Amino acid sequence: MPRNDRRLGKGLAALLDENLQATSEAQDTRIPVDAVRPNPFQPRREFGPEGIGELADSIRQNGLLQPIVLRAVGDAYEIVAGERRFRAIQSLGWTSVPAVLRTLTDQQMLVVALVENLQREDLSVLEEARGYRQLMDEFGLTQEQVGRHVGRDRSTIANALRLLALPAPVLDMLANGELSAGHGRAILMLSDAEARTRMAREAVRQSWSVRETERRVRAARKGAEQRTRRRPGRRETADPVVRRAERGLERGFGTQVRIRTRADGAGEVVVRFHDTEDFLRLVELMGGEELAAELKE
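Just so you know, these numbers come straight off a predicted model, no measurement behind them. (Residues numbered from 1 in each chain as written. Predicted model: local features only at pLDDT ≥ 70, side-chain atom pairs only at ≥ 80, totals over all residues. Heavy atoms only, no water.)

Draft legend 1. Structural context of the overall build of the chain. In terms of helices and strands, the chain carries 14 helices and 7 strands. In the chain, which comprises 297 residues, the proportion classed as buried is 44%. Taking the intrachain contacts of the chain between residues at least 6 apart in sequence as the baseline, contacts between residues at least 24 apart amount to 67%. Counting only carbon and sulfur atoms, one obtains 47% of the accessible surface of the chain, whose full area is about 16,400 Å². (Helix = DSSP H or I, 4+ residues; strand = E, 2+ residues; numbered from the N terminus. Buried < 20%, exposed > 50% of the residue type's maximum accessible area, 1.4 Å probe, protein only. Contact = heavy atoms within 4.5 Å. Areas by Shrake-Rupley, 256 points an atom, 1.4 Å probe, with all protein chains shown as cover.)

Draft legend 2. Seen up close, the packing of aromatic side chains. Counted by the stated rule, this structure contains 1 aromatic pair. Between the aromatic rings of F273 and F279, the centroid separation amounts to 5.0 Å while the plane-to-plane angle is 55°, which identifies the pairing as tilted. Relative accessible area serves as the criterion here: at 33%, F279 is assigned to the partly exposed category. (Phe/Tyr/Trp six-rings, centres within 6.5 Å; stacked < 30°, edge-to-face > 60°.)

Draft legend 3. Just the nonpolar core, in detail. Residues L114, Y132, L135, V146, V150, L166 and L179 are the most contacted members of the largest nonpolar core, which totals 44 residues. Those elements that provide at least two residues to this core are β4 (76-81), α4 (106-120), α5 (125-139), α6 (143-150), α7 (154-162), α8 (168-175), α9 (181-187) and α10 (193-206). Among the elements that line this core, the one with the most residues is α4, at 7 residues. The contact partners of Y132, leaving out residues within four places of it in the chain, are L114, L118, V146, V150, R152, I157, A160 and L161. (Core = buried A, V, L, I, M, F, W, Y, C linked by side-chain atoms within 4.5 Å.)

Draft legend 4. View of the pairing of strand β5 (residues 96-101). Of all the 6 residues making up β5, 5 are buried; the element is thus mostly covered by neighbouring parts of the structure. Bridge count for strand β3 (residues 68-73) against β5 is 3 bridges, and the pairing is parallel. Counted as the bridge partner of I68 is A99 from β5. (Pairing = 2+ DSSP bridges.)

This is the structure in structure tokens:
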């Protein structure tokens, strides 16, 4: 797909049109329902039966106002856009469906599916993050390039991807809607997977708001730091400037940071990571996307 820096300022609807219009000439036709397959790059995992039922009622009364978009793959057809409409049509027992045929690459298929769902705000925070990760892993795109394709700025992409570093039980709570992205970002400030999982379960059990979760995380971090200071042989700086720098770096990196100084002015900054993915995230923050991509190869 051609690079276009102006995409950052475009709305999602315009991006969807642009990605579809970037393909070859469309063909309007009717396709047998049995020949249609789901989009293999569809980031959305859950299609609520209630919403599909309401859409089916609308189609029954008013007809299909907008054909689905398909691409031909061998003797079958894959859905490019309109999977909810297709599921509703299946439930109505139609034998064929009005469709527009287009030729798209795999990358365009994923981008169009992402943009269509983002336009309707249908994706969960995890589905969105996994879609971004899929674009990066399968097509070698950087966060900045992903942002241009889907009309998001780089910081939005980075914040979404950070959530994927959460432990599996916490990811399940996000997927089920028990926790929000704000809860997830607060919990990421804890230093290890076990602490993150405990905090997430307590947040769900107590129905904490994001602000309350942030407060509890800060209290837990402070308690852990005080316990560390009491350990024999461990010296923590009393310099308020250094402590303030540590807190600022921790907010920026989303992990524990320690600054150790010597009397001659030298010292070191220790940044903790929890696993390989967290390490690569920190490398990207400090050394850029190209360095992180090199290390993944």
